[in-house]
Amino acid sequence: MADKKTKAPKEKNPNKGFVHALKEMCRKFIVSLKRRPQNIAFAAFIIAFLVYSLNLSTFSNTTAKLLLTNMGLAEFVIMLLSMLSLVCFMNAFQYRKKVNVPMLVLMLVMIAIIIVCDVFYINAVNTVQGDPQTAVAITKETEYLAYAPYYLQVHIIILCIGVVLTALMPVYKKLLRKINTNVEVEGNSDMGAIDLASE
């Protein structure tokens, strides 16, 4: 008897499984954005909050070094209103509910105050550092004086991006709905009639 030829098992392509998992992850991410498009703008405000809070020691050291009037107050107001504005955003855009306009307006007012305090703080630092008589030499120990205005400028830019994304929410909400996130099941088009009659 002739030996039966055994077929070698097909090697599975590991990249195919990875690509499929990546596509599924992207699909689920888009589905979540379609359900909660406000998360796009909320992410910008979260990033702005992290930029400020993670560099809080830089601002505290700058305030302690320069000791200008209302610098500490501005720093406190920025931190407080940053947290409260996030709470207002979550209350303004609740899941499957209409936009809470008073909360949205309150959030925008808080952001405007935050930006004013940022600008005040930047001008205070630049005023001192711009005058040769009061300027503090930037060394390795006082390099935070140079970083403080920079981080606040980044903070302002990200806040403005968040406000723009909030205003444009109806636009990208419609665009997200146009993205097809349906799962295609193979063989659905070839399914025949199922005979349930017993012999």
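Residues numbered from 1 in each chain as written. Predicted model: local features only at pLDDT ≥ 70, side-chain atom pairs only at ≥ 80, totals over all residues. Heavy atoms only, no water.

Engineer: Explain the packing of helix α4 (residues 71-92) against helix α5 (residues 101-130) here, please?
Structural biologist: When two helices pack together, you describe them by how their axes are tilted relative to each other and by the distance separating the axes. Interhelical geometry of α4 versus α5 gives an angle of 155° and a closest axis separation of 8 Å. The orientation of α4 with respect to α5, classified from their angle, is roughly antiparallel. At the point where α4 passes α5, the crossing takes the left-handed sense. Partitioned by chemical class, the residues of the contact of α4 with α5 number 22 nonpolar, three polar and two charged. (Axes fitted to C-alpha atoms, helices over the stretch in contact; angles between N-to-C directions. Helix = DSSP H or I, 4+ residues; strand = E, 2+ residues; numbered from the N terminus. Parallel < 35°, antiparallel > 145°, perpendicular 65-115°, else oblique. Left-handed = near helix turned anticlockwise from the far one by under 90°. Nonpolar A, V, L, I, M, F, W, Y, C, P; charged D, E, K, R; others polar.)

Engineer: Before we go on, may I ask you to explain the environment of proline 37 in this structure?
Structural biologist: The residue proline 37 is located in the loop between α1 (14-35) and α2 (38-53) in this model. Distance from proline 37 to methionine 169, taken between C-alpha atoms, is 7.1 Å for residues 132 residues apart in sequence. Dropping the residues within four chain positions of it, proline 37 is found in contact with Tyr172, Lys173 and Leu176. (Contact = heavy atoms within 4.5 Å.)

Engineer: How do you make sense of unusual backbone geometry when you look at a structure like this?
Structural biologist: Trans is the common state for peptide bonds, and a negative phi is the common state for residues other than glycine. Even without glycine at this site, leucine 67 takes up a positive phi of about 55°. According to the relative accessible area criterion, leucine 67 is exposed, its value standing at 67%. One non-glycine residue, asparagine 70, lies in the positive phi region at around 70°. Along the chain, asparagine 70 falls in the loop between α3 (56-66) and α4. Owing to a relative accessible area of 43%, asparagine 70 belongs among the partly exposed residues under this scheme. (Buried < 20%, exposed > 50% of the residue type's maximum accessible area, 1.4 Å probe, protein only.)

Engineer: Help me understand the side chain of aspartate 118, please; the structure alone is not making it clear to me.
Structural biologist: Relative to the assigned elements, aspartate 118 resides in helix α5. One buried charged side chain, aspartate 118, makes no salt bridge at all; its nearest oppositely charged neighbour is lysine 65, positioned 22 Å away. Reaching out from aspartate 118, the side chain makes a polar contact with the side chain of histidine 155 at a distance of 2.7 Å. (Lys, Arg positive; Asp, Glu negative; His and termini not counted. Salt bridge = Lys/Arg side-chain N within 4 Å of Asp/Glu carboxyl O. Polar contact = N/O pair within 3.5 Å; in protein donor to acceptor, adjacent residues only side chain to side chain.)

Engineer: What exactly am I supposed to notice about the nonpolar core here?
Structural biologist: In a soluble, globular protein the nonpolar side chains are often hidden away together inside. Within the largest apolar cluster, 41 residues are counted, with the highest numbers of intra-cluster contacts made by Phe45, Phe89, Met107 and Tyr121. When residues of this core are traced back to their parent elements, those giving at least two are α2, α3, α4, α5, α6 (144-167) and α7 (169-178). For this core, the leading source of residues is α5, giving eleven residues. Beyond its immediate sequence surroundings of up to four residues, tyrosine 121 is in contact with Phe59, Thr62, Thr63, Met71, Ala74, Glu75 and Leu152. (Core = buried A, V, L, I, M, F, W, Y, C linked by side-chain atoms within 4.5 Å.)

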